[in-house]
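# What the coordinates show
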Amino acid sequence: MENQALSIGELSHLMGDNCLVLTANSRQRRFLLKHFSQQGKQGLSSFSSDRLLSFQQWLNDAWQQLQNKAYPAAAQLLISPQQSLVLWQEIIESAEESAELICPDLLAKQASSAWQLLSEWEINRNTLAEYNHKESEILAQWGLKFDQNCQKLSLIDSAEQCRIITQAFSEKVLKNESRLIMIGFDDLSPLREKLSQNIAEEVFFVQLKHLDSNTVFKLPCDDADDEIRRCAEFVREELTQAQNNEEPMPRIGIIDPKLGQRRDKIERIFSEVLEPQYLYSKTARYTLPFNFSAGFPLANCPLIEAALGLLGLNLKQLDVEKLCQLIHSPFWHQNAELDNDYTQAERQQLEFQLRKLQQERIRPAQLRQCADKVDQKLAEHPSREDAYHSIAERLQNLFYGQERRPDRNNAKQWSQIFYQQLEELNWPGSRRLDSNEYQQVMQFQSLLEELLSLDHLGRLYSASDLLNQLQQLASSHHFQAKTPDSPVQILGILEGSGQAFDACWVMGMEQKQWPPSPQANPLLPIELQRQHNMPHASVERELYFASQLIEAYRLCAEKVIFSYPSREGEEQLQCSPLVEKLDSKALSNATELLPSSTLDELEQFSRSSFERRYFHWVDNRQGPKLSNLEKKLGGSGVLKQQALCPFNAFAQYRLGATPWPEVQIGISPIERGNILHLALETFWQELDSQETLLGLDDEMLNALISKHIDNAIESGLLYRRDLGPRYRALEAERLLPIVQAFVEQDKQRPPFHIAGLESSRELRLGPLQLHLRLDRIDRLQAGTESRERQEDEQYLVIDYKTGQCDLKSWLGERPEEPQLPLYALSDPAISAISFAQLNAKAVKYIGISREQSPASGIHSSQDGALQKKFRNADSRLISGEELQWSQLREQWQSDLLQLAINYSEGQAQLDFKDALAKRYSEDLQGIQRLKEFDAKRHYWNDKPAALQQAEFDLSL
């Protein structure tokens, strides 16, 4: 098959009155129809639109003619892509070889493509055995079953359709054309080439040539983002120049070989450069001055993503992260007549309940339980109306219908069920849809109807089966909004071939990308594919077609730019040799094509927006003072946060800015800590003293420890049905040596009795009333076993920690761990405080006592090494003087009281104690607004001089 390079004028001379013209794609057809329409308006010869078709259009018309003529071979049904995929999936999943497959759906697509290639290239399937290729032998077995199934169901594929149409022409059932012109066909399979030769007496293969000479540029760019931005700036200048000169808008083509992969990035950058206001959330949607040839998968549209997510509630396991995204979708449940205050509160509360489960996947019943809790909690909400249908009610109706229907249905029944469910859940919402959304709904409904073709296969399907098919359909069908013709066309490398532009920019011409690497089908012998010159089978074939495309684009416009990124990350990239060999004008930068600017367009728009309004700096370092009700707080956490960063304390305890619970895979750190606390609590409840502990032999002790660990795991993971017996056993195995080592240390201590476990205590600290919870209190003096307090007794307070511990966290004006110092202040009888570090790295006490050490690792306040360490950590402790327990208590009293006063006075400056405190507060970045401050502060020139220091502080 040889192509002739013809101009459109030469093509017009070749075309006659009875000539049939077929194009490789619909976009090329529209281009030619527009050209001939303009010729007709100018009084020149035009061409009838029904004689200018895309190849697929003509194929469908010819097939319809045969069916109208009752041609026997055309009585069969053409198999749909979805039917074909289902048949291949069934064959592969039932095969012995599929037992170890990770992704059978992908293999089904590859097998379908390979079998289609053999048909299109008219290769006898029996010859596959000659190549000693295991994959193709398996494919032959699967393909035989596929053909048998199709024969039983009277289904044929597109290759067989071409054969039947070819036969109809040879039998004169279809009338031959006098002349056929095939435009833009770089490659045709042997089967389709044979068909084209049977259509007409004369067949011409043509590639359009638009210019004989032009100006070609080669432009290296910094990276891929810089390349896209330079291209957008070039487009802006071309459009602006035409507008300033009152000329017609130029037709500009943007060609990108990777358009499908980076469409979103191109749209964002082009919007920033050409229409920066379009990116602002309050801007109403309007038609942009550029149009994409490649749509995006329908499944990626938020409206359709919501529909698929709602239908996914039919599954037995639900992904929590996807559920939380679905909850906030505006395309369901929303009642337009109701104030949004209630609906937003309902959605937020439901997400909070789901995240509290801290599970990756949940059952539908758990979702319903969470929705019921929210419904009860918000029953008295002032914005709720009597007629309001809550999320809980909608889910109740949905799940009630699920319980009453069979598990397996045909496709028609499932399609009806899906329609009903979406209606019950009020999809696509109550607000009026815009044009794009309406088109998406129509396309989605057509997909639901397309599912009905699966009933021809005579199968019953589960909800999971049909949802999988619907998801694949929505992912394979692309949505392209119907918009007015735009001056800027952004096209894939194949879509733009054969078209003419006033200016053209071809991106991505780096050596790694162009020419593309071969991608042969893995299920066919590579020798077979190369022998028959199949698509993407060899380097030579890819090089030839890449060269043809470059040559076509070289002459498609008066001004053509080939660009490439100079680097990708740390890797340096080179220009494609196919572009290097062109007679082009090399540019080291864009100065000849692009004007330089100091600010990008989005920043200019932001600056101008600020200049049009008047902004005042507000000193928000000081919040309102605590009310009397607010002074009754929780535990020591408020002082800890005030020490680490006053703003964080204000945000969390005054504003309620609590981070969302994170979904955990396995047991979360909090759950592990709770299990350990519970195991030790119940263990010491049973023993009560060291004397009882010492009375147990090793076997009895280990059995007792194991019992309390197992009970704690069972209680702590009561609702974690996703964690099976083996996982729980592993956790018990991990905890056992830690608890054993800790109990062994308690054996070596001086005698003690348990005076309290998980006990509560109130402490008045200046304006604050704090509620403290103590993990464990040991009475250190031997004597009576009564838990009633005796005179002159001393107590050790123990705080269990599963992380790393350091005594320095109790020191300084802003102590990071104020909990144990607060305990020491709560009771003068407390003579020692200590962390109990319990983890795989170490099991030990880390503490300080008034006099003698009650355990290894707890140092006396008179210990010389400890005093030196404390003075190094806190310079206020006077060197040379003996450090007394009373002095430590006084220092803690002063420091913690000041933190309490600062908090109650409303001090809320964003002042991190250190870099670590800043890093560990990343959950609050959204309201700390450090990044926004740094990005916007240079716009504001009216800030008071008094805030200069604040600006410095905020830039930590």
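Residues numbered from 1 in each chain as written. Predicted model: local features only at pLDDT ≥ 70, side-chain atom pairs only at ≥ 80, totals over all residues. Heavy atoms only, no water.

An unreviewed UniProt entry annotates the chain as Putative DNA repair protein of Pseudoteredinibacter isoporae.

### Comments concerning the overall build of the chain
Scanning the chain from terminus to terminus reveals 35 helices and 28 strands. By residue count, 48% of the 956 residues in the chain fall in the buried class. Across the chain, contacts joining residues at least 24 apart in sequence account for 74% of those joining residues at least 6 apart. Carbon and sulfur atoms make up 48% of the accessible area of the chain, which totals about 48,000 Å². (Helix = DSSP H or I, 4+ residues; strand = E, 2+ residues; numbered from the N terminus. Buried < 20%, exposed > 50% of the residue type's maximum accessible area, 1.4 Å probe, protein only. Contact = heavy atoms within 4.5 Å. Areas by Shrake-Rupley, 256 points an atom, 1.4 Å probe, with all protein chains shown as cover.)

### A short note on the sheet that holds strand β3 (residues 52-54)
Ordered by their spatial adjacency, five strands build an open sheet running β1-β7-β6-β2-β3, and the pairing between neighbours is parallel. Each of the sheet's edge strands pairs with one partner strand only, and the pair in question is β1 (4-6) and β3. Taken over all neighbouring pairs, the strand axes of this sheet differ in orientation by 35° on average, direction set aside. Across the face of the sheet, helix α3 (residues 55-68) comes into contact with β2 (19-23), β3 and β6 (177-183) while running at roughly 95° to β3. The strands that helix α8 (residues 190-199) touches are β2, β6 and β7 (200-208); relative to β7, the one it contacts most, it runs at about 125°. (Pairing = 2+ DSSP bridges. Axes fitted to C-alpha atoms, helices over the stretch in contact; angles between N-to-C directions.)

### Thoughts on the pairing of β6
The side chains of a regular strand alternate, residue by residue, between the two faces of the sheet. The buried count for β6 comes to five of seven residues, which makes it a mostly enclosed element. Bridge count between β2 and β6: five bridges; the pairing is parallel. Following the sheet pairing, Thr 23 is matched in β6 by Ile 183. Strand direction decides the pairing type here: β6 and β7, joined by six bridges, are parallel.

### Description of the sheet that holds strand β23 (residues 753-765)
Picture the strands of a sheet paired through backbone hydrogen bonds; they go either parallel or antiparallel. In space, the six strands of this open sheet follow the order β23-β24-β25-β26-β27-β28, with mixed pairing throughout. On the outer flanks of this sheet lie β23 and β28 (858-860), each paired with one strand and no other. Each adjacent strand pair in this sheet contributes to an overall mean axis angle of 35°, direction not counted.

### Observations regarding the pattern of salt bridges
Oppositely charged side chains can form a pair if their charged atoms are brought close together. On inspection of all chains with the given rule, the structure shows 45 salt bridges. The partner of Arg 125 in a salt bridge is Asp 147, and the shortest N-O contact between them spans 3.1 Å. In this pair, Arg 125 sits in the loop between α5 (104-120) and α6 (134-152) while Asp 147 sits in helix α6, placing the two residues 22 residues apart along the sequence. Judged by its relative accessible area of 23%, Arg 125 is partly exposed. When its relative accessible area of 29% is taken as the criterion, Asp 147 is described as partly exposed. Lys 512 serves as the salt-bridge partner of Glu 568, at 3.5 Å between the closest nitrogen and oxygen. In this pair, Glu 568 is assigned in strand β20 (residues 567-568) and Lys 512 in the loop between β18 (503-506) and α19 (526-531), connecting sequence segments 56 residues apart. The structure contains a network of salt bridges with shared partners spanning Lys 640, Asp 799, Lys 801 and Glu 817. (Salt bridge = Lys/Arg side-chain N within 4 Å of Asp/Glu carboxyl O.)

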